[in-house]
Amino acid sequence: QVQLVESGGGLVQAGGSLRLSCAASGSIFSINAMGWYRQAPGKQRELVVDITSGGSTNYADSVKGRFTISRDNAKSTVYLQMNSLKPEDTAVYYCNMRIRAVLDSYAVDYWGKGTLVTVSS
């Protein structure tokens, strides 16, 4: 069984910073892409940024220049450094990883339960 556990959410004032972490655990054979999504109240879940196993990144236009994704393959962990936060960044942030488990022959998407980020004006 593979699990993703996020941490690092909270309340911050506009202009502040937060760092999210997401660690995968369980019977993992390999991890391909990792990413962060977010869902604001009344809106659909959207991609914030993802990173391939080779390190290529894809950022949403709304966060370019403010957010930075990184991954530590040895720790099966992905990070999201969020700077210059805005009230419109308020959302539940979800970690996503494409993981091939030990007993599986192909990779599937796993999701964390989400962590709330609230940015006050």
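Conventions used here
- Residues numbered from 1 in each chain as written.
- Predicted model: local features only at pLDDT ≥ 70, side-chain atom pairs only at ≥ 80, totals over all residues.
- Heavy atoms only, no water.
- Helix = DSSP H or I, 4+ residues; strand = E, 2+ residues; numbered from the N terminus.
- Polar contact = N/O pair within 3.5 Å; in protein donor to acceptor, adjacent residues only side chain to side chain.
- Buried < 20%, exposed > 50% of the residue type's maximum accessible area, 1.4 Å probe, protein only.
- Pairing = 2+ DSSP bridges.
- Contact = heavy atoms within 4.5 Å.
- Core = buried A, V, L, I, M, F, W, Y, C linked by side-chain atoms within 4.5 Å.

## Describing the side chain of N96
Here N96 lies in strand β9 (residues 91-101). At a separation of 3.4 Å, a polar atom in the side chain of N96 contacts the main-chain carbonyl oxygen of Y110.

## With respect to the pairing of strand β7 (residues 67-72)
Consecutive side chains along a regular strand alternate between the two faces of the sheet. Along β7, the buried face is formed by F67, I69 and R71; none of T68, S70 and D72, which line the opposite face, is buried. Bridge count for β7 against strand β8 (residues 77-82) is 6 bridges, and the pairing is antiparallel. By the bridge assignment, S70 is partnered in β8 with Y79. Two successive antiparallel strands, β7 and β8, enclose a turn made up of 4 residues, where S76 displays a positive phi of approximately 50°.

## Topic: the environment of S21
With respect to the secondary-structure elements, S21 resides in strand β3 (residues 18-25). In the structure, S21 is positioned 10 residues away from L11 in sequence and 16 Å away in space, judged by C-alpha atoms. In contact with S21, other than residues within four places in its own chain, are V5, E6, S7, W36, V78 and Y79.

## Some points on the nonpolar core
W36, F67, L80, M82, Y93 and M97 are the most contacted members of the largest nonpolar core, which totals 32 residues. Within the residue set of this core, elements represented by two or more residues are β3, β4 (28-39), β5 (46-51), β7, β8, β9 and β11 (115-120). Ranked by the residues each element gives to this core, the list is headed by β9, at 6 residues. Ignoring sequence-local partners within four residues, the contact set of Y93 consists of E6, L20, W36, Y37, R38, V48, F67, L80, M82, G114, T115 and V117.

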